[in-house]
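Survey of secondary and tertiary structure
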Amino acid sequence: MNLEGPRLVVGHVTPNSARVWGRGDAENRVMFVKATGPDGKSREESVQLSAEDGYTGVAQLDSLQPSTQYDLEVAYAASTEAPARSLSRRGAVKTFPTEAQPCTFLLNSCNFHGWGPFRSNREADLRRAEVARGVDLVIHAGDQVYADKAPFSFTLEDFRKAYVRTWGQPGTQQVLAGQANYMLADDHEVVNGYAQDGQLTGMQRAALWLRGHGGPREEQYQRLAQNGLRAFDEFQSAHGPKSYGENARYYHFSHGVHQFFAMDTRFERHNGKREMVSEGQLQALFQWMSEHRDQPKFIITSSPFVLEKKDAEEKWSSPEFSGQRERILDFMAQNKMEKVVFLCGDIHASAHASMQITGKDGHELVVHELCASPINGTLMRSRSQFLGESQGTTPGGTSYKIELNEDSFLGGTTLDTSNSAVMKIHLDGSRLNYQIYRTRTGDQQPARQGGFTI
Ligand SMILES: [Fe+2]
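Note that this is a predicted model, so its numbers are computed, not measured.

As for the layout of surface pockets
Size it by volume and the largest pocket reaches roughly 440 Å³. Forming the boundary of the largest pocket are 21 residues, of which H188, N192, H348, L379 and R381 lie nearest the centre. Class assignment of the residues belonging to the lining of the largest pocket gives a composition of five nonpolar, four polar and twelve charged.

Following this line, the structure appears as structure tokens:
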């Protein structure tokens, strides 16, 4: 295992800029990021790092050329004047186009590097990097670390170590350094089933008490959550877009004409209020859809929005959150919102599903959903745990009919991890093709593939 951890992550990219994340240490408090274009010309930025942020930081590279490949090199030193640099890493970024261009991206989630037979699977880790090679961007749809699995994280240092452990894997480092990366949270970034009003199990509380982290139930949960969120911000939010200010963890970005909205379905979640997202986030999503009504739109949410699981705990279709799901469906029906595709992870199975939505006025539209999970997993879900077909009507009068594309489903029984997979998605105008690649087998060919017109 590489205990050194990540030193280079390419984050948000536009036609003219790139955010490059790095992590030094107590002896290396300055990060240098060098970008070299195809003409051989280089430029360098330096960033001061501090102990408070775990020596992590982001360099903003501006004035880049669109659709251009840059080689990146990061290195660290004691000060800007120090001659010796160390911890150097190489990576690359291709800036985004200014106009309509085909786009290929990788969708993946659930990067488990745990214990026993599921322990850090080098093969899956490297296989993901192989599938990702050459894509324009990678979407990490949640559970980029399992901070709550052996050992169970509580302090800020515990959480940072979870990132160092998981992102130190050689394949993961290649994926993070090779092109734009976009990340959104799910529960394992903090603790299983996280919500603002969640709580720890008795076992978890006892384990923390034994480690000297006892305390009143609520206070203990809030301390853990604060540390988990802070580590999430240091390692994940820091290099993402800040579309809605520093405090919002949802954001939008685009690649040519293709528009993406990454939801934060985790940190604003409140079970008691029956909210998976805040009202502010819902309004931001509606406004973004309206602004891009004629373009292909991708909404990234960790849990599936379309596909329904039979025991729908914690999902968009669960009783506590279906009210917000119905509001989104009503909005799409009333505004005749075409060209919407949901992208998700979370379910430990991969699939394509679609939903036919019929408004009160009889207008029909179809939205699609693509799910890819897990990169390297355990607890696989089988076909029998999902509804193949279902339907319903919202209180607002919108009716919907869901259909799982049976040929696309790739899952398995609980302990059979062979169908761990990632999805490669290719967009060319309004045509979308997808390929689902297994990561834990030697397969070179996709295990499932298909496509549709958006
Ligand atoms: Fe997961």
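On we go from here.
Quick look at the state of the cysteines
Applying the stated criterion to the full structure yields one disulfide. Note that C344 is cross-linked by a disulfide to C371, the S-S spacing being 2.4 Å. Taking the sign of the S-S torsion, about -70° here, the bridge from C344 to C371 comes out left-handed. Separated by 27 residues along the polypeptide, C344 in strand β14 (residues 340–344) and C371 in strand β16 (residues 364–371) bring together distant segments of the chain. C344 sits in the buried class, given a relative accessible area of 0%. Just so you know, C103 is unpaired, no disulfide at all, and the nearest cysteine sulfur is the one on C344, 18 Å from it.

Some points on the packing of helix α2 (residues 156–167) against helix α5 (residues 217–235)
Remark: α2 packs on α5, axes separated minimally by 8 Å, with the N-to-C direction vectors making an angle of 40°. What the angle tells us is that α2 and α5 run oblique. The crossing of α2 and α5 is right-handed. Only L224, N227, G228, R230, A231, F232, E234 and F235 of α5 make contact with α2, whose side of the interface consists of L156, F159, R160, Y163 and W167. Taken together, the residues of the contact of α2 with α5 break down into eight nonpolar, two polar and three charged.

Side note on the packing of helix α1 (residues 122–132) against helix α3 (residues 170–178)
Where α1 meets α3, the axes come as close as 7 Å, and the angle between the chain directions of the two elements is 25°. It follows from the interaxial angle that α1 and α3 lie roughly parallel. Taken as a pair, α1 and α3 cross one another with a handedness that is left-handed. Between α1, through R122, D125, L126, R128, A129 and A132, and α3, the contact on the second element is made entirely by P170, G171, T172, Q174 and V175. Here the residues of the contact of α1 with α3 sort into five nonpolar, three polar and three charged.

A few points about the nonpolar core
Counting residues in hydrophobic clusters, the biggest one holds 52 residues, and the most contacted among them are L343 and I425. Each of domain 1 (17–94) and domain 2 (95–453) contributes no fewer than three residues to this core.

Regarding the side chain of D136
Locating D136 in the fold gives a position in the loop between α1 and β9 (137–140). Despite its burial, D136 pairs with no opposite charge; the closest candidate is K94, at 4.6 Å N-O. Ignoring sequence-local partners within four residues, the contact set of D136 consists of K94, F96, P102, C103, T104, Q179, A180 and H255.

Quick word on the side chain of H352
Along the polypeptide, H352 turns up in strand β15 (residues 351–358). Here H352 falls in the buried class, since its relative accessible area comes to 7%. Here H368 takes part through its side chain, which lies 2.9 Å from a polar atom of the side chain of H352. Once residues within four sequence positions are removed from consideration, H352 is found in contact with H368, E369, L370, L404, N405, S408, Y434 and F452.

So, α1
All of the buried residues along α1 are A124, D125, R127, R128, A129, V131 and A132. Taken together, the buried residues of α1 touch β8 (103–108), β9, α3, β19 (421–428) and β20 (431–438). Downstream of α1 by a residue or two, G134 has a phi angle that is positive, lying close to 90°.

Structural notes on the sheet that holds strand β5 (residues 56–61)
If you trace the three strands from one edge of the open sheet to the other, you get β1-β2-β5, paired in antiparallel fashion. Two strands lie at the open edges of the sheet, namely β1 (8–13) and β5, each paired on one side alone. Sheet twist, expressed as the mean angle between neighbouring strand axes with direction ignored, is 25°. Sheet topology note: the β1/strand β2 (residues 18–23) ladder contains four bridges and is antiparallel. The residue of β2 that forms the bridge with V9 is W21.

Calculation rules
- Residues numbered from 1 in each chain as written.
- Predicted model: local features only at pLDDT ≥ 70, side-chain atom pairs only at ≥ 80, totals over all residues.
- Heavy atoms only, no water.
- 1 Å grid on protein atoms, 1.4 Å probe; cavity = no way out; pocket = protein on both sides within 12 Å on 5 of 7 lines; lining within 4 Å.
- Points joined across faces, edges and corners; volume = space filled by probe spheres on them.
- Nonpolar A, V, L, I, M, F, W, Y, C, P; charged D, E, K, R; others polar.
- Disulfide = S-S within 2.5 Å.
- Helix = DSSP H or I, 4+ residues; strand = E, 2+ residues; numbered from the N terminus.
- Buried < 20%, exposed > 50% of the residue type's maximum accessible area, 1.4 Å probe, protein only.
- Axes fitted to C-alpha atoms, helices over the stretch in contact; angles between N-to-C directions.
- Parallel < 35°, antiparallel > 145°, perpendicular 65-115°, else oblique.
- Left-handed = near helix turned anticlockwise from the far one by under 90°.
- Contact = heavy atoms within 4.5 Å.
- Core = buried A, V, L, I, M, F, W, Y, C linked by side-chain atoms within 4.5 Å.
- Domains from an automatic or database assignment.
- Lys, Arg positive; Asp, Glu negative; His and termini not counted.
- Salt bridge = Lys/Arg side-chain N within 4 Å of Asp/Glu carboxyl O.
- Polar contact = N/O pair within 3.5 Å; in protein donor to acceptor, adjacent residues only side chain to side chain.
- Pairing = 2+ DSSP bridges.

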